[in-house]
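Summary of the model geometry
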Amino acid sequence: MKDPNSKLVFSNTDVEDFMLVWNTLSTKEKKSLLFSMLEGGLVTKLHHLARSGVDLVHSDEDGSNLLHHAAFSDNSDVIECLLYIGCDINKQDSFGRTP
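Predicted model only: the values in this text are computed from it and were never measured.

**Side note on the side chain of Ser64**
Tracing the backbone through its elements, the reader meets Ser64 in the loop between α3 (43–51) and α4 (66–72). Ignoring anything within four residues of it in the chain, the contact list for Ser64 reads His58, Ser59, His69, Phe72 and Asp93.

**What about the nonpolar core?**
If you look at the biggest cluster of nonpolar residues, it comprises 20 residues, and the most contacted ones within it are Leu38, Leu46, Leu49, Leu56 and Leu82. At the level of secondary structure, the elements contributing two or more residues to this core comprise α1 (12–22), α2 (27–39), α3, α4 and α5 (76–84). With near-sequence residues (within four places) excluded, Leu38 lies in contact with Val43, Leu46, Val78, Cys81 and Leu82.

**So, the packing of α2 against α3**
The N-to-C vectors of α2 and α3 enclose an angle of 135°; their axes lie 8 Å apart at closest approach. When the axes of α2 and α3 are compared, the pair comes out oblique. Every residue of α3 that contacts α2 at Leu34, Met37 and Leu38 is listed here: Val43, Leu46 and Leu49. Per-class residue counts for the contact of α2 with α3 are six nonpolar, no polar and no charged.

Cut-offs applied
Residues numbered from 1 in each chain as written. Predicted model: local features only at pLDDT ≥ 70, side-chain atom pairs only at ≥ 80, totals over all residues. Heavy atoms only, no water. Helix = DSSP H or I, 4+ residues; strand = E, 2+ residues; numbered from the N terminus. Contact = heavy atoms within 4.5 Å. Core = buried A, V, L, I, M, F, W, Y, C linked by side-chain atoms within 4.5 Å. Buried < 20%, exposed > 50% of the residue type's maximum accessible area, 1.4 Å probe, protein only. Axes fitted to C-alpha atoms, helices over the stretch in contact; angles between N-to-C directions. Parallel < 35°, antiparallel > 145°, perpendicular 65-115°, else oblique. Nonpolar A, V, L, I, M, F, W, Y, C, P; charged D, E, K, R; others polar.

See the structure below:
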């Protein structure tokens, strides 16, 4: 997948600030923020955050991660982006469903 923002990077301070905020968010808020970033074309920034240790494949109370939610909503662009940043396509939720 070609990323239009491949030249955009976060500084260490940006990542640290993001992680401070990230750790205060609810699962619903995390999902909303990540979907907004994905739909806004910030795939490279998300990939950089993932490599920096931010848990972008966080699961909700049902064991579903963002890839599950993207698949349930049939959002192929978001699915492609999530696979690009390393979400596990074989991750099962608490009902045994994979994305």
